[in-house]
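Reading the structure
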Amino acid sequence: MAEAGSFADRVKQQADIVRVVGEYVRLKKSGQNFTGLCPFHAEKSPSFAVHPTKQIYHCFGCGVGGDVFKFVMEMEKCAFPEAIRIVAEKCGIAVPRQKERSPEERKENQQRALLVEMHREAQTFFVKQLEGTLEGKAARAYLEDRGLDKDAIAQFGIGYAPSGGDALLCHLKSKYNEKLLAESGLASRDQTAGRLFDRFRRRITFPIANESGKIVAFGARALGDDMPKYLNSPETPIYSKSNVLYHMDRAKEGIRRQEFAILVEGYMDAIAVARAGISNVVASCGTSLAEPQIKLLQRFTKRVIVNYDPDMAGQTATERSLALLLEQDFEVRVLALPPVGNKKADPDLFIREMGAEAYLKLLKEAPPYVDYLIARARQMDLSTGEGKLRAVNFLLPYVQKIPNRILRSEWATRIAQQLRLEEPVLRAALSKAATERRSQVKTQPELVARAAKPVERRLIRMLAEAEGFRQELAKQLQNARLYHGLETEKIFAALVIASSSGQPVQAAEVGAMLEDRDRRLLFEILFEEANEPTWEEAQSCIEALQHRQAERELADVQRSIEANPAAPELRGLLEKKQELMRRLAAAR
């Protein structure tokens, strides 16, 4: 396609296909070639190869192949001339001016160039306002209070938009016409009078650059109590928020080098993490992560640690991001930062208060997304079958989005263990829901049954009727917390309270303390035919509950061990595991 002697041929001669492809695919040296996962089809083992000498690529899985231009055309979905320009820019080759195909295209290109130039001038203006005005002095004091010194402010191009309302406009309108100013996103129009005014007023400004480092928008934080607290540029001909990740222009080399990205919510979070020496951090600028942003990430890595804010909005954003990342087959971990004192900690606050080393330690220990989501599900009320069903339905959409069947199977096992469900029944329910593309599991008696196991039913009957020893039985059950976590926990708790009075248990009074579903189960058990209870039988039932309790503890300890904790904690867990295994062996 590139004629000899043409500009395209010159670009092809000078371009390094490994470097270009490496911006989209993580490549590793393999003999004389470089290999990676094919970006054109889903695969787990690398079958995609780049030949640095012959300057070609080929996938031994799906058969695609070609030169550097063909690769960029496929990845960027662009025509050959655009691919030439992209490769030239990536390789630092000056692109000669070309004749536009039409007056409209020429006009659009000129407009975009002017908008980029305007944003560059706005950036210079904002920086000067921060450095040399009285208002800027107050803004600098705020930034210093947030831990940003002069070097950090300069490094990230932080500026200040004054409160006047038209200061930036006055600076720009001598050079740019009103129509262009209105389209830039730097100005807004008064709906009543129709006049233009500065979009950003009395706000600290953060320049937002595209991947190539050109400033295309601004984010701005109110210095006082103005609302909204954060304000971004609107969509413009040069800026689409769903296509840009803050700090990506600086982070891409670090992402390639570290082979993973850290995803945070806001500018200050990204700046705090980057200043902690972790360059591979990007922010979604306070908006929901969008598919084009994931495609942008995918060019540099398939591994992400999501570290959004710990509040409800941050949890929702985390869960939505996980769903999108899993659809694209990313390997995802989630860092949920612990509180600092009585404050919920975002990355900025945590690093300022606890230091970079503490953040790095937690980053290395960030659990897989599976553990994060199951931990979220376990915060729900799991004392009832209906509560467990809600937890399963919370997890199901994520299960459905995992394309790998083996991983889906692992999910089912872990969900069953953590939520204490019957694994075969759960597997069947999840499989059916996934096949039918349903986002919820239909209620199944086997999955959410409240029948209670025979041991529990027998102990409940004893607590209600065994006048000779029910007080001692209640005492032992309570002291050892043997009924905690059982489906019948609330029934046991009510009977233990009733037994402590020393008076005969009144079934109606106990039932009145319970929710309807628990009251029905209690009455069902009390109406069953049963032999006269004995203390020996009660002791046998207690031992059975102790055995089940030890099994649950052992499963929890094993999961903690698999999370690769620090050495001191690991030693304690291994000792506890040995103790539990001895207890279980002795009980057999």
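Up top is the structure.
The following paragraphs examine the structure supplied in this document. This is a predicted model, so every value here is computed, not measured.

Re the packing of helix H13 (residues 312-327) against helix H16 (residues 369-378)
Put simply, H13 and H16 touch, their axes get as near as 12 Å, and they point 140° apart. Considered as vectors, H13 and H16 are oriented oblique to each other. By crossing handedness, the relation of H13 to H16 is classed as left-handed. Each of Gln-315, Thr-318, Glu-319, Leu-322 and Leu-326 in H13 lies in contact with H16, whose residues at this interface are Tyr-369, Tyr-372, Leu-373 and Arg-376. The residue makeup of the contact of H13 with H16, split by class, is 5 nonpolar, 2 polar and 2 charged.

With respect to the sheet that holds strand S9 (residues 203-209)
Overall, antiparallel pairing links the 4 strands, which are arranged S6-S9-S10-S11 in an open sheet. Every other strand in the sheet has two partners, leaving strand S6 (159-161) and strand S11 (230-232) as the edge strands with one partner each. Averaged over all neighbouring strand pairs, the angle between strand axes comes to 35°, with direction disregarded.

A look at unusual backbone geometry
The phi torsion at His-247 lies on the positive side, around 80°, for a residue other than glycine. Locating His-247 in the fold gives a position in the loop between S11 and helix H10 (248-258). Given a relative accessible area of 6%, His-247 falls into the buried group.

Considerations on helix H25 (residues 516-526)
Looking only at H25, the buried set comprises Asp-518, Leu-521, Leu-522, Ile-525 and Leu-526. Summarising the axial view, the buried residues of H25 lie within an arc of 135°, below the 170-degree limit, and thus occupy one face. In the core, the buried residues of H25 are packed alongside helix H21 (454-465), helix H23 (489-499) and helix H24 (507-512).

Focus: the pattern of salt bridges
Working definition: two side chains of opposite charge can pair if their charged atoms are close together. Inspection of the entire model under this criterion finds 23 salt bridges. Close ionic contact of Lys-90 with Glu-23 constitutes a salt bridge, the shortest N to O distance being 2.7 Å. Placement of the pair is Lys-90 in helix H4 (residues 80-90) and Glu-23 in the loop between helix H2 (17-22) and strand S1 (28-30), with a sequence separation of 67 residues. On the basis of relative accessible area, Glu-23 is assigned to the buried category, the value being 9%. Put simply, Glu-467 and Arg-470 hold a salt bridge, and the shortest N to O gap is 3.2 Å. Residue classification places Arg-470 among the buried positions, given a relative accessible area of 2%. Overlapping salt bridges, with partners in common, bring together Glu-82, Arg-85 and Glu-89 in one network.

Points about the packing of aromatic side chains
Scanning the entire structure with this criterion turns up 17 aromatic pairs. Seen in terms of ring centroids, Phe-40 and Tyr-57 are 6.4 Å apart; in terms of plane orientation they differ by 35°. Their pairing is tilted. With Phe-40 in the loop between strand S2 (33-36) and strand S3 (48-51) and Tyr-57 in strand S4 (residues 56-59), the pair connects residues that are 17 residues apart, well separated along the chain. With a centroid separation of 6.0 Å and 55° between ring planes, the pair formed by Tyr-230 and Tyr-267 is classed as tilted. Pair noted here: Tyr-230 is in strand S11 and Tyr-267 is in helix H11 (residues 267-275), with a separation of 37 residues, a long-range link. Accessibility expressed as a relative area gives 3% for Tyr-267, which makes it buried. Through a chain of ring-to-ring contacts, three or more aromatic side chains come together here, namely Tyr-24, Phe-40, Phe-48, Tyr-57 and Phe-71. In this structure, Lys-29 packs its charged tip against the face of Phe-34, placed 5.4 Å from the ring centre. Over the ring of Phe-523 we find Arg-519, and its NZ or CZ is 5.7 Å from the ring centre.

Observations concerning the sheet that holds strand S12 (residues 261-264)
On the basis of which strands lie adjacent, the open sheet formed by 4 strands has the order S13-S12-S14-S15 and parallel pairing. Looking at which strands have only one partner, the edges of the open sheet turn out to be strand S13 (281-283) and strand S15 (331-334). Neighbour-to-neighbour, the strand axes of this sheet turn through a mean angle of 25°, independent of strand direction. Sheet analysis places S12 next to strand S14 (residues 303-306), joined by 3 bridges and oriented parallel. Each bridged residue has a counterpart across the sheet, and for Ala-261 the counterpart in S14 is Val-304. The sheet contacts of H10 involve S12, S13 and S14, and relative to S13 the element is tilted by about 135°.

Comments concerning the nonpolar core
Ranked by size, the top nonpolar core spans 67 residues in total, and within it Ile-158, Ile-204, Tyr-246, Ile-262 and Tyr-359 carry the most contacts. Apart from the residues within four sequence positions on either side, Ile-158 is in contact with Val-127, Leu-130, Leu-143, Leu-148, Ile-153, Ile-204, Thr-205, Phe-206, Pro-207 and Ile-271.

Quick look at the environment of Ala-138
The topology assignment puts Ala-138 in helix H6 (residues 134-145). When the C-alpha atoms of Ala-138 and Leu-223 are compared, they prove to be 8.7 Å apart, with 85 residues separating the residues in sequence.

A word on the pairing of S3
The side-chain alternation of S3 yields two buried faces, one formed by Phe-48 and Val-50 and the other by Ala-49 and His-51. Both S2 and S3 contribute to a ladder of 3 bridges, which runs antiparallel. In the sheet register, Gly-36 faces S3, and the bridge partner there is Phe-48. Taken together, the 4 bridges between S3 and S4 define a ladder with antiparallel strand orientation. Residue Phe-48 lies in a different strand from S4, and its bridge partner there is Cys-59. Linkage of S3 to S4, two consecutive antiparallel strands, is achieved through a turn of 4 residues, within which Gln-55 is found at a positive phi near 55°.

A look at the pairing of S15
Side chains of S15 alternate between two faces, with Val-332 and Val-334 buried and Glu-331 and Arg-333 left unburied. Here S14 pairs with S15 via 4 bridges, running parallel. Residue Ile-305 lies in a different strand from S15, and its bridge partner there is Arg-333. The β-α-β motif built from S14, the intervening H13 and the parallel element S15 has right-handed crossover chirality.

What counts, and at which threshold
Throughout this document, residue positions are counted from 1 along each chain, in the order its sequence is written. A pLDDT threshold of at least 70 governs which residues receive local features in this predicted model, and a stricter bar of 80 or more applies before side-chain atom pairs are shown or counted, although totals over entire chains, interfaces and linings include all residues. Neither water nor hydrogens contribute to the side-chain values; these are computed over all heavy atoms in the structure. Fitted lines through C-alpha atoms give the axes, limited to the stretch in contact for helices. The angle between two N-to-C directions lies from 0 to 180 degrees. Numbering goes from the N terminus for both helices and strands, where a helix is a DSSP run of H or I of at least four residues and a strand is a run of E of at least two. Angular relationships are summarised with four words: roughly parallel below 35 degrees, roughly antiparallel beyond 145, roughly perpendicular across 65 to 115, and oblique for the angles in between. What makes a crossing left-handed is the near helix being turned counterclockwise from the far one by less than a right angle; a clockwise turn instead makes it right-handed. We call two residues contacting when some pair of their heavy atoms lies within 4.5 Å. Nonpolar residues are Ala, Val, Leu, Ile, Met, Phe, Trp, Tyr, Cys and Pro. Charged residues are Asp, Glu, Lys and Arg, and all others, Gly as well, are polar. Following DSSP output, two strands are said to pair if at least two bridges run between them. Throughout this description, buried means an accessible area under 20% of the type-specific maximum (1.4 Å probe, protein chains only), exposed means over 50%, and partly exposed covers the range between. The arc refers to the directions leading from the helix axis to the C-beta atoms. Between Lys or Arg on one side and Asp or Glu on the other, a salt bridge is scored when a side-chain nitrogen of the former is within 4 Å of a carboxyl oxygen of the latter. Two rings belonging to Phe, Tyr or Trp (six-membered ring only in the last case) form a pair when the distance between their centres is within 6.5 Å. Interplanar angles under 30 degrees mark stacking, angles over 60 mark edge-to-face geometry, and anything in between is tilted. In this scheme, Lys NZ or Arg CZ marks a charge over a ring once it lies within 6 Å of the ring centre and within 35 degrees of the ring normal. To define a nonpolar core, start from buried Ala, Val, Leu, Ile, Met, Phe, Trp, Tyr and Cys residues and group those joined through side-chain atoms within 4.5 Å. A crossover gets the label right-handed when its path from the first strand over the helix to the second runs clockwise, viewed with the strands pointing away from the viewer.

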